[in-house]
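Structural description and commentary
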Amino acid sequence: MTLTGTMLIGQHSIPGSREAIRAINPATDIALEPAYAGGTAEHVEQACALAWGAFDSYRETPLAARAEFLETIANEIEALGDELIERAMAETGLPRPRIQGERGRTCHQLRTFARTVRAGEWLDVRVDTAQPDRQPLPRSDLRQRQVPLGPVAVFGASNFPLAFSVAGGDTASALAAGCPVIVKAHGAHPGTSELVGRAVAKAVQQCGLPDGVFSLLYGSGREVGIALVCDPRIKAVGFTGSRSGGIALCQAAQARPEPIPVYAEMSSINPVYLFPAALSARGEALAQGFVASLTQGAGQFCTNPGLVIAVAGQALDHFIDSAANLLQRSAAQVMLTPGIFKAYEDGISVLAKQAHVAGKGLAAQGPNQGQAHLFVTHAKDFLANHGLQAEIFGAASLIVQCANADEVRQVSEHLEGQLTATLHLDGDDLDAARALLPTLERKAGRLLVNGWPTGVEVCDAMVHGGPFPATSDSRTTSVGTAAILRFLRPVCYQDFPDGLLPTALQHGNPLLLRRLLDGQREA
């Protein structure tokens with residue numbers, strides 16, 4: 001497929017007119033063709049008008065047809081073959097196996113949401129049948145279902161050019177809910193975005209859906225993004241990125257005459273707790289697992305283990321020495337963009353003035369290569385300096401040495417909201433872990449035992465969310481099938497004749513849904 005450098009507004013390729021975005025291969029610092037001229041507020045207007053015109057038709061597509069659409073998108077992404085893999089590698093510096101794995105995850109997400117759509121349980125159908133003879137007052141026939149919010153604006157992420165971008169989790173879950181999607185592509189991988197965007201547009205056409213179900217816009221500044229969030233036809237926003245970017249979108253969304261939800265995943269340092277018995281019994285193995293997790297993908301994961309908390313002592317000293325020695329053999333890795341590399345270097349420089357450097361990876365051998373770092377501080381210093389829990393996006397982590405279990409609790413209470421919290425424990429640590437659990441449940445969206453947080457499974461039970469600043473809405477998840485709930489709202493239908501009811505609510509239950517009928521869940 002020839003890259004055109006144009007936006008996709010429905011089925012139309014539209015050239016932009018603002019400052020151009022040009023991807024840079026971070027491994028070579030060489031700019032890639034083509035250039036992608038940015039869109040304007042007028043382009044946003046066109047895309048939003050199309051999306052709004054498509055909404056009422058798309059939201060009532062039969063469940064089987066909507067599921068087939070999601071599967072068709074996955075098929076079209078796979079049909080791009082090696083062209084997609086090579087372009088994504090060039091734009092991100094990520095290795096082939098990582099991009100291939102991410103393509104697999106992206107297509108798995110789409111097919112998982114197709115399965116979810118077909119099952120229909122997300123409609124959460126509730127029926128309370130009429131009781132005309134009830135005393136002292138009769139009860140009307142009441143029926144409830146979930147309906148989609150409306151067109152959704154999705155902002156592509158820098159660190160996942162496929163799984164959290166044009167056809168990633170936010171787009172897949174919004175389309176599954178029945179919401180048209182307008183994506184603002186991330187400037188770091190515009191060619192990858194165009195390839196995937198054209199695959200989505202092709203699926204729209206093949207499935208006979210309205211053009212406005214999907215559009216793809218580019219923009220180097222704030223004009224396109226803010227115009228999208230502020231357009232009255234946009235009813236929700238999905239975002240993965242920096243805290244400052246997420247907060248700016250939240251503020252714009254709340255300043256509208258009609259405020260809308262922004263589901264922003266922003267900042268997390270994902271504390272890892274090393275309990276005493278586990279640390280004494282298997283400190284060497286823990287150090288190996290920690291360093292592998294820390295350096296995976298140059299540390300450019302939102303679930304990177306950026307904080308380690310443990311009680312000071314000989315076992316922790318041995319863990320620190322082991323981790324530092326392993327880190328010294330870890331090669332520097334190309335980071336996603338020159339800008340991300342610079343931000344990482346700046347973050348390391350600041351942290352080095354506030355904490356002790358315990359170990360470093362091998363020095364960089366080329367442009368934009370991040371050198372892994374391990375820092376150590378004491379609990380009293382961590383509690384006194386809020387800046388020590390600032391996220392550094394990359395392979396950097398801080399170990400907090402606590403005097404005792406009480407200081408571990410104080411440090412935990414001091415933490416901001418997190419995506420994950422990990423507990424490494426043995427049988428003798430259960431009581432200490434149990435005492436800490438209420439705090440961690442208040443702080444994080446996913447709690448792990450004897451694992452590492454960098455793997456996020458796409459499934460029904462996954463929660464990829466957490467209290468602020470991990471996300472802007474701790475009640476939701478951006479990964480897993482429950483992500484569909486972000487883009488839905490309940491509507492109740494009272495005393496409707498059967499012929500006027502939506503199919504999902506009709507008396508005969510033609511979709512064979514598991515309804516809550518008069519307070520009892522149907523088999």
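Note that the coordinates shown come from a computational prediction; the quantities given were computed from them, not determined experimentally.

Each value, and the rule that gives it
- Residues numbered from 1 in each chain as written.
- Predicted model: local features only at pLDDT ≥ 70, side-chain atom pairs only at ≥ 80, totals over all residues.
- Heavy atoms only, no water.
- Pairing = 2+ DSSP bridges.
- Helix = DSSP H or I, 4+ residues; strand = E, 2+ residues; numbered from the N terminus.
- Buried < 20%, exposed > 50% of the residue type's maximum accessible area, 1.4 Å probe, protein only.
- Phe/Tyr/Trp six-rings, centres within 6.5 Å; stacked < 30°, edge-to-face > 60°.
- Lys NZ or Arg CZ within 6 Å of the ring centre and 35° of its normal.
- Core = buried A, V, L, I, M, F, W, Y, C linked by side-chain atoms within 4.5 Å.
- Contact = heavy atoms within 4.5 Å.
- Disulfide = S-S within 2.5 Å.
- Axes fitted to C-alpha atoms, helices over the stretch in contact; angles between N-to-C directions.
- UniProt positions renumbered as here; feature names shortened; annotations may be inferred.
- Parallel < 35°, antiparallel > 145°, perpendicular 65-115°, else oblique.
- Left-handed = near helix turned anticlockwise from the far one by under 90°.
- Nonpolar A, V, L, I, M, F, W, Y, C, P; charged D, E, K, R; others polar.
- Salt bridge = Lys/Arg side-chain N within 4 Å of Asp/Glu carboxyl O.
- Expected span 1.5 Å × (residues − 1).
- Bend = angle between axes of the 7 residues up to and from the residue.

**Some details on the sheet that holds strand β8 (residues 142–148)**
- The strand order across the open sheet built from five strands is β23-β8-β7-β24-β25, with neighbouring strands paired in mixed fashion. The open sheet has two edge strands, β23 (488–494) and β25 (520–521), and neither has a second partner.
- Where strand β24 (residues 516–517) meets β25, two bridges bridge the pair, whose relative direction is antiparallel. Bridged to L516 within β25 is R521.

**With respect to unusual backbone geometry**
- The omega torsion across E33 and P34 is -5°, close enough to zero to call that bond cis.
- Looking at the element boundaries, P34 is found in the loop between β5 (30–31) and β6 (36–38).
- In the segment running from F468 into P469, the intervening peptide bond is cis, with an omega of 5°.
- Here the phi dihedral of D29 falls at roughly 65°; this positive angle occurs in a residue that is not glycine.
- Locating D29 in the fold gives a position in the loop between β4 (24–25) and β5.
- Despite not being glycine, A298 shows a phi value in the positive range, around 60°.
- By the element assignment, A298 lies in the loop between α9 (276–295) and β15 (307–311).
- Residue class for A298 comes out buried when judged on its relative accessible area of 6%.

**Here we look at the packing of aromatic side chains**
- For the coordinates displayed, the defined rule picks out eleven aromatic pairs.
- On the basis of an interplanar angle of 55° and a centroid distance of 5.2 Å, the ring pair of F160 and F164 is categorised as tilted. With respect to class, F160 is no different from F164; both count as buried.
- Seen in terms of ring centroids, Y263 and F487 are 5.8 Å apart; in terms of plane orientation they differ by 85°. Their pairing is edge-to-face. Of this pair, Y263 sits in strand β13 (residues 262–265) while F487 sits in the loop between β22 (444–449) and β23, placing them 224 residues apart in sequence.
- Each residue in the set F160, F164 and F301 is aromatic and connected to the rest through ring pairs, giving one cluster.
- The ring of F160 has R98 lying over it, and the distance from NZ or CZ to the ring centre is 4.7 Å.

**Some details on the nonpolar core**
- Core analysis: the biggest nonpolar cluster contains 144 residues, and F69, I73, I77, V237, I309, F319 and V400 have the highest contact counts within it.
- Discounting residues that sit within four places of it in the chain, F319 has contacts with L274, L279, G283, L286, A287, F290, V308 and I399.
- Within the second largest apolar cluster, nine residues are counted, among which are A157, V456, M462 and V479.

**Examining the state of the cysteines**
- Counting across every chain of the model gives zero disulfides.
- Cysteine C107 is unpaired, with the sulfur of C207 as its nearest cysteine sulfur at 15 Å.
- Cysteine C179 shares no disulfide, and the gap to the nearest cysteine sulfur, in C48, comes to 13 Å.

**What about the sheet that holds strand β19 (residues 373–378)?**
- Read from one edge to the other, the open sheet built from seven strands follows the order β17-β19-β20-β15-β14-β21-β22, with strand pairing classed as mixed. With one partner strand each, in any of the chains shown, β17 (356–360) and β22 form the two edges of the open sheet. Sheet twist, expressed as the mean angle between neighbouring strand axes with direction ignored, is 20°.
- Seen against the sheet, helix α13 (residues 405–414) touches β14 (271–274), β15 and β20 (396–402) and runs at an angle of roughly 135° to β20.
- On top of the sheet, helix α14 (residues 430–443) reaches β14, β21 (418–424) and β22; it is set at about 150° to β22, its chief contact.

**What about the UniProt feature "domain: Aldehyde dehydrogenase" (unreviewed entry) in the protein?**
- Taking the numbering used here, the UniProt-annotated feature "domain: Aldehyde dehydrogenase" (unreviewed entry) corresponds to residues 18–458.
- Helix and strand shares over residues 18–458 are 44% and 20% respectively, and the end C-alpha atoms of the span are 37 Å apart.

**Details of the packing of helix α7 (residues 223–230) against helix α8 (residues 243–254)**
- At a minimum axis distance of 8 Å, the contact between α7 and α8 shows a crossing angle of 40°. Comparing the axis directions of α7 and α8 gives the class oblique. Every pair of crossing elements has a handedness; the one defined by α7 and α8 is right-handed. In contact with I226, V229 and C230 of α7, α8 contributes L249, A252 and A253.
- Taken together, the residues that form the contact of α7 with α8 break down as six nonpolar, no polar and no charged.

**Some words on the pattern of salt bridges**
- Applying the stated criterion across every chain, the model contains 32 salt bridges.
- Between R126 and D124 there is a salt bridge; the shortest N-O distance is 3.1 Å.
- Between R515 and E522 there is a salt bridge, with the nearest N and O atoms lying 3.0 Å from each other.
- Several salt bridges share partner residues, and in doing so they unite D56, R59, E60 and R145 into one network.

**What to know about α14**
- Compared with an ideal rise of 1.5 Å per residue, which puts 14 residues at 20 Å, α14 spans 19 Å between its outermost C-alpha atoms and is within 8% of the ideal.
- At L437, α14 shows its maximal bend, which comes to roughly 45°, and the proline P438 appears one to four places after that position.
- Among all positions in α14, only A433, L436, T439, L440 and K443 are buried.
- Looking at the buried side of α14, the elements it contacts are β14, α13, β21 and β22.

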